[in-house]
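# Fold and geometry: a report
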Amino acid sequence: MEAIVVKDNNVILDDKYPKPKPGKGEVLIEVALAGICSTDLEIVKGYMGFSGVLGHEFVGHVVKGAQQWIGKRVVGSINNVCSKCDMCLSGLSNHCRNRTVLGIAGHDGVFAKYVILPVHNLYEVPDILTNEQAVFVEPVAAVLQITQQIRIEPHDKVAVIGDGRLGLLAAQVLAAAGTASNIMLVGKHEEKLSFCEKRGLQCRHLDDMVLKPQWDIVVDCTGSTSGFETAVKLLRPRGTLVLKSTFMADAPIDLSLLVINEITLVGSRCGPFQEAINEIAAERVVVNGLITAQYKLADGIEALAKAKAPNQIKVTLAP
């Protein structure tokens, strides 16, 4: 089968990659649509030292495995866990000691015609959602994890730094969780900022932002050293900084303000899939219009390059 593969620090299109075979408790899924995210781009640069099929955001149909799932349209959580270690038994299975992670660590991903996943990772997609909406379930779930980790009070002033695909979703989720008038999306691209403005959310260009320590919560979705430094400068003393984007630092980072201002630092990763499905279905999180380019899997290398462009929001692959 065709697959976009990371191998020996290179990304290639392999048109003879072995078709996966589901084992006990697993299903074979035919991928209908897959999304490229910042983590994929970081992996191509060497993050996690991953080798194998890239990609973890997808929607597809089950074609082999447990009978009750055959033919169903599904999305899937990305952590494949043992259910036996101390993390799993304590309710923290996303941090399973023995986990593999779809397209990120030890498990082939979804930039291919087929992928396998354990049955307990699956979530059925309701008919009300299109594939173009369902492909956003994983990143919306990741953003919803913020609301699982910290409490947002109606009076809290919250800034989201970064107007990329994750930042645009984060602004919507946090507005629904708190008071929309207290949420500000800060970015560099007028066409992306206008997406949130059309949905009644406050936006501001970074050049017009006064970098004063006056925000209660700042969510960094930039995946960059400069974004991190901007976020720290905006936080009031004893404020909370949420790191929501995976990145490898490309320059030294000054952490002194975290100590001086006694900042609470929160790393945030995977989140609740069923809640994400519900939020998209109810249109509390609007994803329509976020796909700015779509490619065939055979053109996946070109798609990865396209996803780096500043004017792109979400680039997808259709096997």
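Let me begin by describing the structure that accompanies this report. (Residues numbered from 1 in each chain as written. Predicted model: local features only at pLDDT ≥ 70, side-chain atom pairs only at ≥ 80, totals over all residues. Heavy atoms only, no water.)

Along helix H9 (residues 273-281), the residues classified as buried are Phe-273, Ala-276, Ile-277, Glu-279 and Ile-280. Considered in projection along H9, the buried side chains sweep an arc of 165° and stay on one side of the axis. If you follow the buried residues of H9, they end up packed against strand E6 (73-76), strand E11 (122-124), helix H3 (131-134) and helix H4 (137-149). Phi for Glu-283, located one or two positions after H9, is positive at around 60°. (Buried < 20%, exposed > 50% of the residue type's maximum accessible area, 1.4 Å probe, protein only. Helix = DSSP H or I, 4+ residues; strand = E, 2+ residues; numbered from the N terminus. Arc of directions from axis to C-beta. Contact = heavy atoms within 4.5 Å.)

For Arg-199, the location among the structural elements is in the loop between helix H6 (190-197) and strand E14 (202-205). Residue classification places Arg-199 among the partly exposed residues on the basis of a relative accessible area of 31%. Taking the C-alpha atoms as reference points, Arg-199 and Val-285, separated by 86 residues in sequence, lie 9.9 Å from one another. Residues within four places of Arg-199 in sequence aside, it is in contact with Gln-172, Val-286 and Asn-288.

Judged by pairing direction, the sheet is mixed, and its three strands sit side by side in the order E7-E8-E9 without closing on themselves. Looking along the sheet, the strands with just one partner apiece sit at the ends: strand E7 (79-80) and strand E9 (106-107). (Pairing = 2+ DSSP bridges.)

Right, let's get into the pattern of salt bridges. One pass over the structure, following the stated rule, counts eight salt bridges. Where Glu-57 meets Lys-314, a salt bridge forms, and the shortest distance between an N and an O atom there is 2.7 Å. On the criterion of sequence distance, the pair formed by Glu-57 in strand E5 (residues 57-64) and Lys-314 in strand E19 (residues 314-318) is long-range, its members being 257 residues apart. Residue Lys-314 is classed as buried on the basis of its relative accessible area of 2%. Notably, a salt bridge pairs Asp-216 with Arg-236, separated by 2.6 Å at the nearest N-O pair. Of this pair, Asp-216 sits in strand E15 (residues 215-220) while Arg-236 sits in strand E16 (residues 235-243), and the two are 20 residues apart along the sequence. We classify Asp-216 as buried; its relative accessible area is 14%. (Salt bridge = Lys/Arg side-chain N within 4 Å of Asp/Glu carboxyl O.)

This part takes up the side chain of Asp-220. With respect to the secondary-structure elements, Asp-220 resides in strand E15. Although Asp-220 is buried, it makes no salt bridge; Lys-188 carries the closest opposite charge, 10 Å away. Looking at Asp-220, its side chain comes within polar contact range of the main-chain nitrogen of Phe-228, at 3.4 Å. Here Asp-220 is in contact with Ile-161, Gly-227, Phe-228, Ala-231, Leu-241, Val-242, Leu-243, Lys-244 and Ser-245, once residues within four sequence places are set aside. (Lys, Arg positive; Asp, Glu negative; His and termini not counted. Polar contact = N/O pair within 3.5 Å; in protein donor to acceptor, adjacent residues only side chain to side chain.)

This part takes up the pairing of strand E3 (residues 26-36). Here E3 lies mainly inside the structure; eight of its eleven residues are buried. Pairing of E3 with strand E10 (residues 114-118), which is carried by five bridges, proceeds in the antiparallel orientation. Bridge pairing in E10 places Glu-26 opposite Pro-118. As defined by bridge partners, E3 adjoins E5 across seven bridges and the pair is classed as antiparallel. When the bridges of E5 are listed, Gly-35 appears paired with Glu-57.

Counted according to the given criterion, the structure contains zero disulfides. With no disulfide of its own, Cys-96 has Cys-82 as its nearest cysteine by sulfur position, at a separation of 3.5 Å. Residue classification places Cys-96 among the buried residues on the basis of a relative accessible area of 2%. Left unpaired, Cys-196 is separated from the closest cysteine sulfur, that of Cys-203, by 4.7 Å. (Disulfide = S-S within 2.5 Å.)

The next point concerns unusual backbone geometry. Even without being a glycine, Arg-238 presents a positive backbone phi close to 65°. Within the element layout of this structure, Arg-238 appears in strand E16.

The element strand E1 (residues 3-7) is extensively covered by neighbouring structure, given that four of its five residues are classed as buried. Bridging between E1 and strand E2 (residues 10-14) involves five bridges; their strand directions are antiparallel. Residue pairing across strands places Ala-3 opposite Asp-14, the latter belonging to E2. Between E1 and E2, which pair antiparallel in sequence order, lie two residues; one of them, Asp-8, sits at a positive phi of approximately 55°.

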